[in-house]
Amino acid sequence: AMVSDPSWTYPDDGRARSCTADPTLEVCVYPAYGQRLARHTLTSMQPVARLFAGLPGVPTRVRMVPDQHIVPGPHYFQSLCRGTELRLGERQARSGTDQASRFHYADLYLSCALRPVNGDVDGSGLETVRLWALQTSSTITTGELQRAAEGDSIPELLLIGASPATATAALAMAQLPADRVRSELAPVWERLRAGQLPLSELPGQRP
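In this report, we go over the structure that sits alongside the text. Remember, predicted model here, so these are calculated numbers, not experimental data.

### So, the overall build of the protein chain
Per the secondary structure count, the protein chain includes 10 helices and 5 strands. Here the protein chain holds 207 residues, and 48% of them are scored as buried. Look at the contacts in the protein chain between residues 6 or more apart in sequence, and 67% of them connect residues 24 or more apart. Accessible surface, the protein chain: about 9,500 Å² in total, of which carbon and sulfur atoms supply 53%.

### As for helix H5 (residues 124-136)
With 13 residues, H5 extends 18 Å from end C-alpha to end C-alpha; this agrees with the ideal 18 Å at 1.5 Å per step. Within the span of H5, buried status applies to Gly125, Leu126, Glu127, Thr128, Val129, Arg130, Leu131, Trp132, Ala133, Leu134 and Gln135. Serine 138 sits one or two residues past H5 and shows a positive phi near 65 degrees.

### Observations regarding the environment of leucine 171
Locating leucine 171 in the fold gives a position in helix H8 (residues 164-174). Under the relative-accessibility criterion, leucine 171 is labelled buried at 11%. Between the alpha carbons of leucine 171 and glycine 204 there is a distance of 9.0 Å; along the sequence they are 33 residues apart. Setting aside residues no more than four positions away along its own chain, leucine 171 makes contact with Thr142, Leu145, Gln146 and Ala149.

### A closer look at the nonpolar core
As a rule of thumb, soluble globular proteins bury nonpolar side chains together. Among the nonpolar cores identified, the biggest contains 59 residues, and Met45, Phe52, Tyr109, Leu110, Val129, Trp132 and Leu192 are the most heavily contacted of them. When neighbours within four sequence positions are excluded, leucine 110 is seen to be in contact with Val48, Phe52, Arg115, Arg130, Ala133 and Leu134.

### Brief notes about the packing of aromatic side chains
One pass over the full model with this rule turns up 2 aromatic pairs. Between the aromatic rings of phenylalanine 52 and tryptophan 132, the centroid separation amounts to 6.1 Å while the plane-to-plane angle is 75 degrees, which identifies the pairing as edge-to-face. Highlighted residues: phenylalanine 52 in helix H1 (residues 34-52) and tryptophan 132 in helix H5, separated in sequence by 80 residues. Since its relative accessible area comes to 1%, tryptophan 132 is described here as buried. Considering the side-chain rings of phenylalanine 52 and tryptophan 189, the 5.5 Å spacing of their centres and the 35 degrees angle between planes classify their relative orientation as tilted.

### Section: the state of the cysteines
Within this structure, the stated rule accounts for 2 disulfides. Covalently, cysteine 19 is tied to cysteine 28 through a disulfide, its sulfur atoms 2.1 Å apart. Taking the sign of the torsion about the S-S bond as the criterion, the disulfide between cysteine 19 and cysteine 28, at about 115 degrees, is right-handed. Cysteine 19 sits in the partly exposed class, given a relative accessible area of 29%. One disulfide in the model links cysteine 81 with cysteine 112; its S-S distance is 2.1 Å. With the S-S dihedral at roughly -95 degrees, the linkage between cysteine 81 and cysteine 112 falls on the left-handed side. A residue pair is termed long-range when its members are at least 10 positions apart, and cysteine 81 in strand E4 (residues 81-82) and cysteine 112 in helix H4 (residues 99-113) qualify at 31 residues. Using a relative accessible area of 3% as the deciding quantity, one classes cysteine 81 as buried. Owing to a relative accessible area of 1%, cysteine 112 belongs among the buried residues under this scheme. Taking only the cysteines that form disulfides and numbering them from first to last, the protein chain has the pattern 1-2, 3-4.

### As for the sheet that holds E4
Strands in a sheet are paired, the pairing made by backbone hydrogen bonds, and the direction either parallel or antiparallel. Taken together, the 5 strands give an open sheet; going across it, the order is E1-E2-E3-E5-E4, and neighbouring strands pair in mixed fashion. Taken across any chain shown, the strands that pair with only one partner, and hence form the sheet edges, are strand E1 (18-21) and E4. As judged from the 3 bridges shared by strand E2 (residues 26-29) and strand E3 (residues 61-65), these two strands associate in the parallel manner. The residue of E3 that forms the bridge with cysteine 28 is arginine 63. Sitting on the sheet, H1 is in contact with E1, E2, E3 and strand E5 (85-89), with an inclination near 30 degrees to E1.

Here is what the cut-offs are and how they apply
- Residues numbered from 1 in each chain as written.
- Predicted model: local features only at pLDDT ≥ 70, side-chain atom pairs only at ≥ 80, totals over all residues.
- Heavy atoms only, no water.
- Helix = DSSP H or I, 4+ residues; strand = E, 2+ residues; numbered from the N terminus.
- Buried < 20%, exposed > 50% of the residue type's maximum accessible area, 1.4 Å probe, protein only.
- Contact = heavy atoms within 4.5 Å.
- Areas by Shrake-Rupley, 256 points an atom, 1.4 Å probe, with all protein chains shown as cover.
- Expected span 1.5 Å × (residues − 1).
- Core = buried A, V, L, I, M, F, W, Y, C linked by side-chain atoms within 4.5 Å.
- Phe/Tyr/Trp six-rings, centres within 6.5 Å; stacked < 30°, edge-to-face > 60°.
- Disulfide = S-S within 2.5 Å.
- Pairing = 2+ DSSP bridges.
- Axes fitted to C-alpha atoms, helices over the stretch in contact; angles between N-to-C directions.

What follows is the structure, encoded as C-alpha cells:
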C-alpha cells in the first residue's frame, strides 16, 4: 500500500546488509546488488557529503528500501529522508554507474541535506547552495554553471529548478574556498534549511 502518513517511517527490516562507509556516510543496499552498488552510491555522494558533514540534519546513512515506500507528491521528502537517514528506493538505485547517475545520487543526497525543514517551501538560497555544492564537488562543471547563469538550458540543472539568478549567485560562492563557505553557512544553516535565507545573505554575494 502507498504510504500517505508523513509521520510513518519505514522500519529497518535488516534487509539492506551490503554496506560500505567512510567517516561521513554509510551506504547499505540489498545483498543482491552487492558492494559494487554500495561503493558507487558512496563515491557519488561523498564529494557533496563532505561539504556539509557535521551540520545539523544532514544524512549520515543511506539505506535501500522497497520502492513503494518512496512516495511522490507532497510527502516525498518525508518518505525519502528521516532524521539523518536517506532512504534509497530500489528503482532509484538502478540508475547505472555513469556520470548521469553520479549527478542523480549527489542530488538525492542534497535533497535530504538541504530539504526545507518546514515542508515543501523552497527558496532561492537553498537552490543556490545546491548548485554551489554540485559545482564544488565536481558533479557539474563550472562551464555548465556558467551556461545556466547565462540562461542556457542545461537539462540536469533545469530538472532541479536552476535559474540564471541562482546560478550567478552560486558562481560567486564558488570563487571562495569551500571551507570558508561552509564556515559562513554554519551559523545560518537552520534559516537556510527553513527556506528563509535570501540570496543576498549567502557567502560571496555583493551588497
